[in-house]
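# Topology and contacts: notes
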Amino acid sequence: MTRAPLTAQDCGLFSCHVCGLLSKGVKGSGESRCPRCSAPLHFRKPNSVSRSLALLIAAYIMYIPANLLPIMKTGSMFGAQDDTIMSGVVYLWHSGSWDLALVVFIASILVPLLKLIALTLLLVSVHFRSTWLPLQRTKLYRIVELIGRWSMLDIYVVTILAALVQVGSLATITAGPAALAFGAVVVLTMFAAMAFDPRLIWDPLKKARTEHD
Ligand SMILES: [Zn+2]
């Protein structure tokens, strides 16, 4: 069994959440502060799991209206039509644009759902202090953080469509209430990923190794 690497926490050193400086901290009134930027110092992000969980639950709740309410309202002289994300995908599929249907399905339904599941897995495993596949879980966290900024695709599709159609045409396209809910899911999962402290994945592993030694 290889020895667990020494962490800053073992040496009593804090890593500043704001400027990244590794220090013992300056004792102020109550909590330690960063000697460089005087931000409050903590070994791990405070209440990381509960804050991340609260944001994740809110994202799960918003995922329901994002998929059930219309994302796009189309109006023309032939009548008005409301489309949810899924009915939009089905419409695109049947009208022959199967590639676009696939992109919208992956970006708007599959990726947000996989992100919610990945964050749930990370939070549950950290809560139960699991030592299961820490490297893979850290990689999963990195992927979740990376795709956060790329998941607004659906909103772009609606905005581009609205701009294209409304220029010199009798038809109108407006974003439906689901667009707001969809945006909320994206923002909430991004905040949930930010609130999560990936170092918590490795902490129980160290304890397990120390006990083994
Ligand atoms: Zn600092």
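- For the protein, an unreviewed UniProt entry supplies the name Paraquat-inducible protein A and the organism Pelobacter propionicus.
- Recorded under Subcellular location (unreviewed entry), the UniProt text for the protein is reproduced unchanged: "Cell inner membrane".

### Let's talk about the sheet that holds strand β5 (residues 72-76)
- Here we have 3 strands laid out as an open sheet, ordered β6-β5-β7, and antiparallel in their pairing. Only two strands of the sheet have a single partner each, and these edge strands are β6 (79-83) and β7 (172-175). Sheet twist, expressed as the mean angle between neighbouring strand axes with direction ignored, is 15°.
- Two strands pair when backbone bridges link them, and β5 and β7 are joined in this way by 4 bridges, in the antiparallel orientation. Bridging across to β7, K73 finds its partner in T174.

### Quick look at the packing of aromatic side chains
- Overall, the coordinates contain 2 aromatic pairs when judged by the stated rule.
- With centroids separated by 4.3 Å and ring planes inclined at 15°, the aromatic side chains of F14 and F43 adopt a geometry described as stacked. Highlighted residues: F14 in strand β1 (residues 14-15) and F43 in the loop between β4 (32-33) and α1 (48-68), separated in sequence by 29 residues.
- Classification of F14 as buried rests on a relative accessible area of 10%.
- Relative to F196, the ring of Y141 has its centre 5.4 Å away and its plane inclined at 45°; by these criteria the two rings are tilted. Taken together, the residues Y141 in helix α4 (residues 134-148) and F196 in the loop between α6 (177-195) and α7 (199-212) connect sequence positions 55 residues apart.
- Its relative accessible area of 6% is what places Y141 among the buried residues.
- Classification of F196 by relative accessible area gives buried; the value is 0%.

### Some remarks on the UniProt feature "transmembrane region" (unreviewed entry) in the protein
- UniProt feature "transmembrane region" (unreviewed entry): in the numbering of this structure it lies at residues 53-72, 100-126, 147-167 and 173-196.
- Secondary structure within residues 100-126 divides into 100% helix and 0% strand; the distance between the first and last C-alpha atoms comes to 38 Å.

About the criteria used
- Residues numbered from 1 in each chain as written.
- Predicted model: local features only at pLDDT ≥ 70, side-chain atom pairs only at ≥ 80, totals over all residues.
- Heavy atoms only, no water.
- UniProt positions renumbered as here; feature names shortened; annotations may be inferred.
- Pairing = 2+ DSSP bridges.
- Helix = DSSP H or I, 4+ residues; strand = E, 2+ residues; numbered from the N terminus.
- Axes fitted to C-alpha atoms, helices over the stretch in contact; angles between N-to-C directions.
- Phe/Tyr/Trp six-rings, centres within 6.5 Å; stacked < 30°, edge-to-face > 60°.
- Buried < 20%, exposed > 50% of the residue type's maximum accessible area, 1.4 Å probe, protein only.

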